[in-house]
Each structure stands twice: as C-alpha cells, then as structure tokens.
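Here is how the chains run, residue by residue.
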Amino acid sequence: GIAIDTERGEVFMTNDKESATPSVIVYPTQFPRTDAILEPRRRIAGPNTDMSLPCGVAISPQFQEMYTVTGDSGPMNVFPLQASGDVPPSRQLEVPHASGGVFLDPKNNELFITTEHVNKISVYRRAAEGEEDPLRYIQGPKTGLADPHGIYADAAKNEIFVTNHGHWRKTEPGEGFVLNGDGKLAHMRGSF
C-alpha cells in the first residue's frame, strides 16, 4: 500500500514481509541524490502496533490519522499521523479477514475497505471503531469484484475504482464465512 501526504511531503508505504518486520515506512516525497541507501524518516513497527502483514494504508492530514489494514487477519489499526516506532494504535476497527485495501474519502468522511475472498467493499464511518458495522457494502455476482485489493473513491464523480487480484468465485450479497465460532463478527466479518 502507498499513500502520499502532499501537505508534509511524505509518502507512507506498507511492508508486509515477515522477514523484515511488518511495518509502515515513511519517506520524504523528494529523494536526494545519493549513493547510499535512503533511511526512512520513521517506521511504525513492533509487537505493540498489532500489525500483521499490512497491505493497505490511507491517511487523513485533516484528522492527523493513518489507517492500515492487513491481508492476513486482524483489525484495521488507526495511528496518529506522526506515529513512530513500536506504538499501539489509537483505535481499532474489526474488519473482515483478508482486507487488503483502504481508502479515505475526506469529502464524505468514510473509509472504503476491500475484502478479497468474499469479493466485497465495505464502507465505514471514518471514526468507526470496535465491532461497528459498515454503513453499506458492495458485493455480489454482478459487481465484477474478484479478490479486490486496491481502491480509490472519487467523491466528485461518485465513482469507485478497484483493482482485482483476479480470483473470482460466486458470492452473494451479505455473504461471509464463519472464521471462529458462531458470533456476530465471526459470521459477518470472517472468511477463510
């Protein structure tokens, strides 16, 4: 995942490699010429971050927040925009297993999150947390979603752009898979 803060000249990139410690790395948008490896301005990583294989990242300069989702399992983590090191998230939102993309629509104050295995886009309030349900979702055999990953919502044109990984299987609107038990989140948000 990648997000750019044009106001501060920073680019946020996810690193989902377990061998290199899953993290979000922040670099300047203007790279100086050098023969050396460019060190990041800061890195968000470590056990307190509760990040496992981060895939998607979005930022809100207005609310000073960064949002990350993981393609493995775990919640969406929200960090302060200037977070650095092994810091806990300021809040978390339980999202479906295999959520790979996240986009913040600042005009409508909504987060769009893609979920691979059930071919779904869930839309949440920007400030959603805990076990909050999505405001709405897009899913079903007529959507063209096939393991969706990257996402961009153009509020001015009322359009959503999605990149598919390409593994399609028939899903029905509202479908989810039991991940653990019969609880609300397991049934509504889980997949395998």
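Just so we're clear, the structure is a prediction, and the values are computed from it rather than from any experiment.

K.L.:
Sorry if this is basic, but what is going on with the pattern of salt bridges here?
P.N.:
Oppositely charged side chains are able to pair whenever their charged atoms sit close together. Enumeration over the complete set of coordinates arrives at 8 salt bridges. With its nearest N and O atoms 3.7 Å apart, the salt bridge here joins arginine 8 to glutamate 7. Of the charged contacts, one joins glutamate 65 and arginine 91 as a salt bridge, the two residues approaching to 2.6 Å between their closest N and O atoms. Of this pair, glutamate 65 sits in strand E6 (residues 65-70) while arginine 91 sits in strand E8 (residues 91-93); the two residues are 26 residues apart in sequence, bridging distant segments of the chain. With relative accessibility at 13%, the residue arginine 91 sits in the buried group.

K.L.:
Help me understand the sheet that holds strand E1 (residues 2-5) in this model?
P.N.:
Two strands in a sheet stick together by hydrogen bonds in their backbones, pointing the same way (parallel) or opposite ways (antiparallel). As summarised here, the arrangement of the 4 strands in space is E1-E2-E3-E4, forming an open sheet in which the pairing is antiparallel. Since the sheet does not close on itself, it has two edges, and those belong to E1 and strand E4 (42-45), each with one partner. Put simply, the sheet's adjacent strands are angled 20 degrees from each other on average, direction ignored. Of the strand pairs in this sheet, strand E3 (residues 23-28) and E4 are connected by 4 bridges, and their pairing is antiparallel. Its bridge partner lying in E4, isoleucine 25 is registered against arginine 43.

K.L.:
In this structure, what is going on with the side chain of glutamate 10? I would like to understand it.
P.N.:
Mapped onto the elements, glutamate 10 comes out in strand E2 (residues 10-15). Exposure remark for glutamate 10: the relative accessible area of 4% places this residue in the buried category. Separated by 2.8 Å, the side chains of glutamate 10 and arginine 42 make a polar contact.

K.L.:
Is there a simple way to explain the sheet that holds strand E9 (residues 99-105) in this structure?
P.N.:
Read across the open sheet, the 4 strands follow the order E9-E10-E11-E12; overall the sheet is antiparallel. Looking at which strands have only one partner, the edges of the open sheet turn out to be E9 and strand E12 (136-139). Adjacent strand axes in the sheet meet at a mean angle of 20 degrees, parallel and antiparallel pairs treated alike.

K.L.:
Would you take a moment to explain the nonpolar core for this structure?
P.N.:
A general trend in soluble globular proteins is that nonpolar side chains are found buried together. Within the largest apolar cluster, 13 residues are counted, with the highest numbers of intra-cluster contacts made by Tyr67, Met76, Val102 and Ile113. For this core, the secondary-structure elements that each account for two or more residues are E6, strand E7 (76-80), E9 and strand E10 (110-115). Not counting residues within four places of it along the chain, the set of residues in contact with isoleucine 113 comprises Val69, Met76, Val95, Ser99, Gly101, Val102, Lys120, Ile121, Ser122 and Tyr124. Listed in part, the 12 residues of the second largest apolar core include Ala3, Phe12, Ile59 and Met66.

K.L.:
What am I meant to see in the environment of arginine 125 here?
P.N.:
Relative to the elements of secondary structure, arginine 125 occurs in strand E11 (residues 120-125). Separated by 17 residues in the primary sequence, arginine 125 and asparagine 108 place their C-alpha atoms 8.8 Å from one another. Those residues within four positions of arginine 125 in sequence are excluded, and the remaining contacts are Asn109, Leu111, Glu132 and Leu135. In this structure the side chain of arginine 125 is engaged in a polar contact, spanning 2.6 Å, whose partner is the side chain of glutamate 132.

K.L.:
When you look at the environment of valine 69 in this model, what are you seeing that I'm missing?
P.N.:
Mapped onto the elements of the fold, valine 69 is located in strand E6. Classification of valine 69 by relative accessible area gives buried; the value is 2%. Sequence separation between valine 69 and methionine 51 is 18 residues; the distance between their C-alpha atoms is 8.2 Å. Beyond its immediate stretch of four places on either side in the chain, valine 69 contacts Leu53, Pro54, Cys55, Gly56, Met76, Ser99, Gly100, Gly101, Val102 and Ile113.

K.L.:
What is the right way to look at the pairing of E11 in this model?
P.N.:
Working note: regular strand, side chains alternate between the two faces of the sheet. E11 sits mainly inside the fold: 5 of its 6 residues count as buried. Two elements, E10 and E11, share 6 bridges in a ladder whose sense is antiparallel. From the neighbouring strand, phenylalanine 112 faces E11, where its bridge partner is valine 123. Where E11 lies against E12, 4 bridges are found, and the strand directions are antiparallel. Among the inter-strand pairings, lysine 120 is bridged to a residue of E12, identified as glutamine 139.

Procedures and definitions
Here, residues in each chain are numbered from 1, in the same order as that chain's written sequence. Restriction of local features to residues with pLDDT of at least 70 applies here, the model being predicted, together with a cutoff of 80 or more for giving and counting side-chain atom pairs; totals for whole chains, interfaces and linings are based on all residues. Based on all heavy atoms of the structure, the side-chain values leave hydrogens and waters out of the count. By definition, a salt bridge exists where a carboxyl oxygen of Asp or Glu is found within 4 Å of a side-chain nitrogen of Lys or Arg. Counting from the N terminus, the helices are the DSSP runs of H or I reaching at least four residues and the strands are the DSSP runs of E reaching at least two. Exposed residues in this analysis have more than 50% of their type's maximum accessible area, buried residues have under 20%, and partly exposed residues fall in between, with area computed by a 1.4 Å probe over protein chains only. Pairing between two strands requires that DSSP report at least two bridges joining them. Lines fitted to C-alpha atoms define the axes, with helix axes restricted to the stretch in contact, and inter-axis angles between N-to-C directions lie between 0 and 180 degrees. Pairs of N or O atoms are called polar contacts if they sit within 3.5 Å, as long as, within protein, a hydrogen donor faces a hydrogen acceptor (for residues adjacent in sequence, only side-chain-to-side-chain pairs). Nonpolar core, defined: a set of buried Ala, Val, Leu, Ile, Met, Phe, Trp, Tyr and Cys residues in which side-chain atoms within 4.5 Å join the residues together. Throughout, a residue-residue contact means that at least one pair of heavy atoms, one from each residue, lies within 4.5 Å.

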